[in-house]
Amino acid sequence: MSDAITIEIAQESDLWQDADAIEALITRAVARSVDVAALAHAPGAELSIVLTDDASIRQINAEWRGKDKATNVLSFPQAVGDAIATAPMLGDIIFAHETIAREAEESSVSFADHLSHLTVHGLLHLFGHDHLNDAEAEVMEALEVRILADLGIANPYADAPLLREAS
């Protein structure tokens, strides 16, 4: 069995175009995150990705987080603490196309770069990182910036943090 994370992608909205390019982008962001951040996981651990729209993620956000609004990404870990390193299933990351596209445009970054960032962000949540307070946010953002630099993507926090209210 391979050490790589097995990624299952479910496309639940027609807004997501060019499935092969999206899959390649997500796979690359996950692989670089694992390498750069030394994220310990079981060989072949599974990751579920859902590509959806604002309406769907709004419902999920309301049901599971009590926030009746669309967001860019949601992460639902399947294990916590030391169990993450041996869990056969890491969890789910859900992306909302319209919010990601709007944020990318507002920040003058490409959709691909913003989706890469959100993939890194969501994956770090599955591995126990968070941004509930300033200290946690600084650690998580620094790790994101390192991974994104490895991917050739500029620091998304240089001007204005977009993600502290997400996931």
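You'll find the structure just up there.
In this text the structure is predicted, and so the values were computed from the model without any measurement.

Participant: Account for the side chain of His125, naming residues and giving values.
Facilitator: Relative to the elements of secondary structure, His125 occurs in helix α4 (residues 111-126). Separated by 3.1 Å, the side chains of His125 and His131 make a polar contact.

Participant: If you had to explain the sheet that holds strand β1 (residues 6-11) to someone new, which residues and values would you point to?
Facilitator: The strand order across the open sheet built from four strands is β1-β2-β4-β3, with neighbouring strands paired in mixed fashion. The open sheet terminates on both sides in strands that have one partner only, identified here as β1 and β3 (73-77). With strand direction ignored, the average angle separating the axes of adjacent strands in the sheet is 15°. Here seven bridges tie strand β2 (residues 46-52) to strand β4 (residues 89-96), and the two strands are oriented parallel to one another. Within β4, the residue paired with Leu47 across the bridge is Gly91. Along the sheet, helix α2 (residues 54-65) makes contact with β2, β3 and β4, crossing β3 at roughly 45°. Along the sheet face, helix α3 (residues 97-107) touches β2 and β4 and points at about 65° away from the line of β4.

Participant: I'd like to hear about the environment of Trp16, residue by residue, with values.
Facilitator: Tracing the sequence through the fold places Trp16 in the loop between β1 and α1 (19-37). For the pair Trp16 and Leu39, spaced 23 residues apart in sequence, the C-alpha separation works out to 28 Å. In this structure Trp16 touches Gln11, Ile22, Leu51, Thr52, Phe95, Ala96, His97, Ile100, Phe111 and Leu115, once residues within four positions along its chain are discounted.

Participant: Account for the packing of aromatic side chains, with residues named and values stated.
Facilitator: For the structure on display, the rule yields two aromatic pairs. Judged by centre distance (5.7 Å) and plane angle (65°), the rings of Trp16 and Phe111 are edge-to-face. Taken as a pair, Trp16 in the loop between β1 and α1 and Phe111 in helix α4 lie far apart in primary sequence, 95 residues in all.

Participant: Just give me the short version of unusual backbone geometry, but keep the residues and values in it.
Facilitator: Positive phi outside glycine occurs at Asp18, with the angle close to 55°. Residue position: Asp18 is located in the loop between β1 and α1. Among the residues examined, Asp18 registers a relative accessible area of 52% and is labelled exposed. Of note, Ala38 is a non-glycine position whose phi angle comes to about 50°, a positive value. Within the fold, Ala38 resides in the loop between α1 and β2. Of the residues examined, Ala38 reaches a relative accessible area of 62% and is grouped as exposed.

Cut-offs used in this document
- Residues numbered from 1 in each chain as written.
- Predicted model: local features only at pLDDT ≥ 70, side-chain atom pairs only at ≥ 80, totals over all residues.
- Heavy atoms only, no water.
- Helix = DSSP H or I, 4+ residues; strand = E, 2+ residues; numbered from the N terminus.
- Polar contact = N/O pair within 3.5 Å; in protein donor to acceptor, adjacent residues only side chain to side chain.
- Pairing = 2+ DSSP bridges.
- Axes fitted to C-alpha atoms, helices over the stretch in contact; angles between N-to-C directions.
- Contact = heavy atoms within 4.5 Å.
- Phe/Tyr/Trp six-rings, centres within 6.5 Å; stacked < 30°, edge-to-face > 60°.
- Buried < 20%, exposed > 50% of the residue type's maximum accessible area, 1.4 Å probe, protein only.

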